Amino acid sequence: MNLRTFRLQLTAAISVVAASFLPANGQESAELHSAVSELAEENGFNGVILVAEAGSTLDTQVFGYTDLDAHTPITADTSFAVASLSKSITATLTLQLAEAEQLSLDDTVSDHLSFVTHDWASQITIRQLLQNRSGLGHTTDIPGWFEPEWKSAQTPESFLEAALDLPLKSTPGTEYYYSNIGYYLLGLIIDEASGASYETALSEMILTPLGMEATGQIYDSPAPANHALNYLQDGDDLIQITLSNTWMFRGGASLYANADDLLAWSHALQSGELISEDSMALLFDPDTPMAWNIGEAPLAEGAPPTPVRTYNGDMAGYTSIVSYFPEHDLTIILLSNTGPGYRTLLGMTLEIAGAATN
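Below is a summary of the structure that appears in this document. (Residues numbered from 1 in each chain as written. Predicted model: local features only at pLDDT ≥ 70, side-chain atom pairs only at ≥ 80, totals over all residues. Heavy atoms only, no water.)

1. Looking at the sheet that holds strand β1 (residues 47–53)
With antiparallel pairing, the six strands of this open sheet are ordered in space as β2-β1-β13-β12-β11-β10. Here the strands that pair on one side only, and so sit at the sheet edges, are β2 (56–63) and β10 (293–297). Within the sheet, the average angular offset between the axes of one strand and its neighbour, ignoring direction, is 20°. Summarising the sheet, strand β11 (residues 306–315) and strand β12 (residues 318–325) pair through seven bridges and their orientation is antiparallel. Within β12, the position partnered with Arg309 by the bridge is Tyr324. Along the sheet, helix α10 (residues 259–270) makes contact with β1, β2, β11, β12 and β13 (330–336), crossing β13 at roughly 145°. (Pairing = 2+ DSSP bridges. Helix = DSSP H or I, 4+ residues; strand = E, 2+ residues; numbered from the N terminus. Axes fitted to C-alpha atoms, helices over the stretch in contact; angles between N-to-C directions. Contact = heavy atoms within 4.5 Å.)

Here is the structure:
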C-alpha cells in the first residue's frame, strides 16, 4: 500500500474508530482521550494505545487496520507480536523458577545444558544471560541472518550451531551486549530446569494465573484469529512481511499478546504479585537491569524528572512498548503493526504520561 494512501485512510479511521472508546468518567478522562487521539494522528499511528492507573484502564483507543488492503479494523483485543518485549516476561519467569529453587541465577550454562561444550559454557551464568552481559553475540551477528533463504533452511540444530560458534563479544559479566542468543539459551535452560518446557512453565506460572488467554507464541498453530498483519516501509510503500522459522525467537522475542493481557502482566509484576521484593530489585536494578530499561524523564516542560521502567520490541513492523511510572502507578502500552520506531513510541509514551498526570 502507498504511504500517502495509508495516511489518508488512517486519518479517516481515527475519527471514526477512536470515538467509540471515549471514557465516561469526567473531564480529565476526556482530555486524556483527546490528547491520545491527537498524538496518534500526528504520528500516523496504526495500532492500540492503553493507559491505566493502579491496574485499571483509564483509556483504550484503536487506530487503523490489522490488514491494510482488506481494511480490517484493529479492535481493543487485537493481538500483536510483541518481539523483544517477550524478554521481560521470560526474565520474570526465570526469577520465579529461581525462587522455587529450580535453578540458581549463578548456575552456568553448562550446569543445565550439557550439550553446549564451548569453553565459555562453564563461565556464563543465568544472571549474565538475563542482564545481556554474557558476552554472547546477537542473532544479527550470524552470517546469513538477513537472508530469508538462510532462515527458512535452518533446523534447531543448525541454528544453534551457528549461534554458539560466534566469538564472544566480551568477557562474560563485563559488558552489556544485547543478545537474542542469550535468551534463546534461557528458553532451553527453562526446559531443563522446569522438567517440562519453557512454554508449559510460562503458561502455568504466568499466563494462566493472570488470565492471559490472548497471549501465546508466534510459532503456535493455528495463529490467533484477531491478529494484526505486520508491515514495513519500503520506499513510499508499506509491504506485508512474512516471518519464517519463528521458533528461532523462542525465549527472547516470540510472544504475541493484546494490550489487556500486557496490562494484566505488567500490573501483577509491578505490584509484587509475581516475584519477591528481592527479585524485583534484581529485575529493576538501574545498573544491571534484566530486560528492562530503568531511567527517568520529565513529563512536562520544566517539570522534574520522574522514574520510569520501560521496555520495547521491534520485529518486521511489529513494534511494542510497555512503560510503568512508579510514582504515579501509571502504565502505558502501545502496540503497532506498521513499524513506528522506538523513539516515536517512547516520545508518545512520555507525552501521554504527561497528559495523564498533569
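2. Brief notes about the packing of aromatic side chains
Within this structure, the stated rule accounts for seven aromatic pairs. Seen in terms of ring centroids, Trp145 and Phe249 are 5.9 Å apart; in terms of plane orientation they differ by 80°. Their pairing is edge-to-face. Here the residue Trp145 occupies a position in the loop between α5 (126–130) and α6 (148–153), and Phe249 occupies one in the loop between β8 (237–240) and β9 (255–257), the gap between them amounting to 104 residues. No difference in accessibility class separates Trp145 from Phe249, as the two residues are buried. Between Phe284 and Trp292 the ring centres are 5.4 Å apart and the planes differ by 70°, which places this aromatic pair in the edge-to-face class. Both residues of the pair, Phe284 and Trp292, belong to the buried class. Taken together, the aromatic side chains of Trp145, Trp150 and Phe249 make up a single cluster linked through ring pairs. (Phe/Tyr/Trp six-rings, centres within 6.5 Å; stacked < 30°, edge-to-face > 60°. Buried < 20%, exposed > 50% of the residue type's maximum accessible area, 1.4 Å probe, protein only.)

3. Focus: the nonpolar core
In this structure, Trp120, Leu185 and Leu283 are the most contacted members of the largest nonpolar core, which totals 80 residues. Broken down by element, the residue count for this core peaks at nine residues, all from helix α8 (residues 180–194). If near-sequence neighbours (up to four positions away) are discounted, Leu283 is found in contact with Ala91, Thr92, Leu95, Leu269, Ile275, Pro289, Met290 and Trp292. Membership of the second largest hydrophobic core comes to 19 residues, among which are Ala40, Leu299, Leu345 and Met348. (Core = buried A, V, L, I, M, F, W, Y, C linked by side-chain atoms within 4.5 Å.)

4. Looking at α8
If you check α8, its first and last C-alpha atoms are 21 Å apart, about what 15 residues at 1.5 Å a residue would give, namely 21 Å. Here α8 lies mainly inside the structure; 13 of its 15 residues are buried. Capping the start of α8, Ser179 holds a side-chain oxygen 3.3 Å from the backbone nitrogen of Ile181, two or three residues further along. A positive backbone phi angle near 75° is found at Gly195, which sits one or two residues after α8. (Expected span 1.5 Å × (residues − 1). Polar contact = N/O pair within 3.5 Å; in protein donor to acceptor, adjacent residues only side chain to side chain.)

5. Structural notes on unusual backbone geometry
Ser221 connects to Pro222 through a cis peptide bond whose omega is -5°. Looking at where Pro222 falls in the secondary structure, it is placed in the loop between β6 (216–217) and β7 (231–234). Phi at Ala54 takes a positive value of approximately 55°, unusual for a residue other than glycine. Inspection of the secondary structure assignment puts Ala54 in the loop between β1 and β2. Non-glycine residue Asn132 carries a positive phi angle of around 55°. By the element assignment, Asn132 lies in the loop between α5 and α6. For Asn132, a relative accessible area of 4% gives the class buried.

6. What to know about the pattern of salt bridges
Tallied over the full model, the rule gives four salt bridges. In this structure, the salt-bridge partner of Asp141 is Lys169, at a minimum N-O distance of 4.0 Å. With Asp141 in the loop between α5 and α6 and Lys169 in the loop between α7 (156–164) and α8, this residue pair connects regions lying 28 residues apart in the sequence. You can call Asp141 partly exposed: its relative accessible area is 26%. What makes Lys169 partly exposed here is its relative accessible area of 44%. Here Asp191 makes a salt bridge to Arg250, at a shortest N to O gap of 2.7 Å. Note that Asp191 is positioned in helix α8 and Arg250 in the loop between β8 and β9, a separation of 59 residues in sequence. For the pair Asp191 and Arg250, one class covers both residues: buried. Among the charged side chains, a salt-bridge network with shared partners connects Asp191, Glu199 and Arg250. (Salt bridge = Lys/Arg side-chain N within 4 Å of Asp/Glu carboxyl O.)

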